[in-house]
Amino acid sequence: RTGSSPLIFILTGIPSLPTSSYWMALPLCCLYLLMLLGNCTLLWMIKTDHSLHTPMYYLLSMLSVADLGLSLSTLPTMLAIFWFESTSLRFEACIVQMYFIHSFSAIESGVLVAMAFDRFVAICYPLRYASVLTSSLIMKVGGAIFMRGICVVLPVALLIKNMPFCRPRVLSHSFCLHQDMLRLVCGDVRVNSLYGLTAVIVTKGLDSLTILLSYMMIIRAILSIVSQEAQAKAFSTCISHLCAVLIFYIPLIGLSIIHRFGKHLPPLTHTLLADAYLLVPPVLNPLVYSWKTKQIRRRFLILLCQR
């Protein structure tokens, strides 16, 4: 940084498209409105319907909060680029956005683990479900998940805050990500890279392994059921959660692989995967749970009939 002039980053929209692209801005606005409507409606239904005050739906409300946080973290810069051709972002604002994106991503990953444990107890130990997964335990687990997301990502922001940026400060996406900012640092980034990798392993790495282990035990329990009808019913209770896991982890894994090994790929590939990772789960999760969960679908139909 020279003198007192602020450090500015330049955000990139979609490669090969003009910065101000209304045919991209309108679908983006529709996606954000759909995300807000879906998640807020889900939260409102869970809050107002006492039959939904169970561990499964408390966890679903936490997932909606994480989805809202993830989407609202990207909303300002995405709309600024495509509506107003505003591609510049101050360094401090970039750090804040990066922090919230990675924090809410870690929180969502933790909530998916808690939901996998919920399904594991419901299928493998159905008689002990109510005594094991009490409301107070769910609140404590939720608090621990949110604290983990907040604390694990904080050193990432603090470490990169004092790094020198002396290369062209053009980021690859419409928002700030740690890996993207790190490649613009002119200095030793070994500590930043090592801690960033550790944070990913401690959160999403362990989380994905825990979810995989949970479903291995769930599948074993389902296969031990004699009745095929009972097997299908037990498995159907997991479909919504499985869809949420795949929607979240497939773009995340793809983005991680491309950042590490896909530097030769066209920039559009990086952009689309990053956008899918941050925009698709918050939009699809409410739709998946509304479609596959009988209680939410029934409650939604009642609301429509009342109107």
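Residues numbered from 1 in each chain as written. Predicted model: local features only at pLDDT ≥ 70, side-chain atom pairs only at ≥ 80, totals over all residues. Heavy atoms only, no water.

The name given to the protein chain in an unreviewed UniProt entry is Olfactory receptor, with Spizaetus tyrannus as the source organism.

(A) Molecular detail of the packing of helix α5 (residues 135-161) against helix α7 (residues 190-223). Running from amino to carboxyl end, α5 crosses α7 at an angle of 165°, the nearest separation of the two axes being 9 Å. With respect to their mutual orientation, α5 and α7 come out roughly antiparallel. The two elements α5 and α7 meet at a crossing, and its hand is left-handed. Contacts from R148, C151, V152, P155, V156, L159 and I160 in α5 reach V191, N192, Y195, A199, V202, T203 and D207 in α7. (Axes fitted to C-alpha atoms, helices over the stretch in contact; angles between N-to-C directions. Helix = DSSP H or I, 4+ residues; strand = E, 2+ residues; numbered from the N terminus. Parallel < 35°, antiparallel > 145°, perpendicular 65-115°, else oblique. Left-handed = near helix turned anticlockwise from the far one by under 90°. Contact = heavy atoms within 4.5 Å.)

(B) Structural context of the side chain of N285. Looking at where N285 falls in the secondary structure, it is placed in helix α10 (residues 267-292). Leaving out residues up to four positions away in the same chain, N285 has contacts with L63, D67, E108, A244 and I247.

(C) Broad picture of the pattern of salt bridges. With the rule as written, the count across this model stands at five salt bridges. Here D207 and R148 are joined by a salt bridge, their closest N and O atoms 2.7 Å apart. Remark: R148 occurs in helix α5 and D207 occurs in helix α7; sequence separation between them is 59 residues. A relative accessible area of 6% means that D207 is categorised as buried. (Salt bridge = Lys/Arg side-chain N within 4 Å of Asp/Glu carboxyl O. Buried < 20%, exposed > 50% of the residue type's maximum accessible area, 1.4 Å probe, protein only.)

(D) Molecular detail of the nonpolar core. The biggest cluster of nonpolar side chains holds 84 residues, and the ones touching the most others in it are F9, L60, L112, F165 and M181. Elements supplying a minimum of two residues to this core: α1 (22-48), α2 (55-84), α3 (91-124), α5, α6 (178-182), α7, α9 (239-261) and α10. A total of 17 residues in this core trace back to one element, the largest contributor, which is α3. Those residues in contact with L112, other than ones at most four positions away along the chain, are L63, I211, H241, A244, V245, F248 and Y249. (Core = buried A, V, L, I, M, F, W, Y, C linked by side-chain atoms within 4.5 Å.)

(E) Seen up close, the UniProt feature "transmembrane region" (unreviewed entry) in the protein chain. UniProt tags residues 21-46, 58-84, 96-117, 137-160, 238-258 and 270-289 as "transmembrane region" (unreviewed entry). Annotated as residues 238-258, this span is 95% helix and 0% strand, and its ends, taken at the C-alpha atoms, are 30 Å apart. When the span residues 270-289 is considered, its composition is 100% helix and 0% strand, and the gap between its end C-alpha atoms is 29 Å. (UniProt positions renumbered as here; feature names shortened; annotations may be inferred.)

(F) Highlighting empty space enclosed by the protein. For the coordinates displayed, the defined rule picks out one cavity of 30 Å³ or more. Roughly 60 Å³ of volume is contained in the largest cavity. Contributing to the lining of the largest cavity are M56, L59, M115, D118, R119, T237, S240, H241 and Y289. When contributions to the lining of the largest cavity are tallied by element, the ones reaching two or more residues are α2, α3 and α9. Top element by residues in the lining of the largest cavity is α3. It accounts for three residues. Counted by class, the lining of the largest cavity contains four nonpolar, three polar and two charged residues. (1 Å grid on protein atoms, 1.4 Å probe; cavity = no way out; pocket = protein on both sides within 12 Å on 5 of 7 lines; lining within 4 Å. Points joined across faces, edges and corners; volume = space filled by probe spheres on them. Nonpolar A, V, L, I, M, F, W, Y, C, P; charged D, E, K, R; others polar.)

(G) Structural context of the layout of surface pockets. Estimated volume of the second largest pocket: approximately 390 Å³. For the second largest pocket, the lining is made up of 13 residues, of which S236, T237, K292, K294 and Q295 are closest to its centre. Breaking the lining of the second largest pocket down by element, the ones donating at least two residues are α2, α8 (228-236), α10 and α11 (294-306). Top element by residues in the lining of the second largest pocket is α11. It accounts for three residues. Here the residues of the lining of the second largest pocket are counted per class, giving three nonpolar, five polar and five charged.

(H) Representation of the state of the cysteines within the structure. Applying the stated criterion to the full structure yields one disulfide. There is a disulfide in this structure between C94 and C176, and the S-S distance comes to 1.9 Å. Its torsion about the S-S bond being -115°, the disulfide of C94 and C176 is classed as left-handed. Taken together, the residues C94 in helix α3 and C176 in the loop between α5 and α6 connect sequence positions 82 residues apart. Taken individually, C94 and C176 each receive the classification buried, so the pair is uniform in this respect. C40 takes part in no disulfide bond, and the closest cysteine sulfur, belonging to C29, lies 16 Å away. (Disulfide = S-S within 2.5 Å.)

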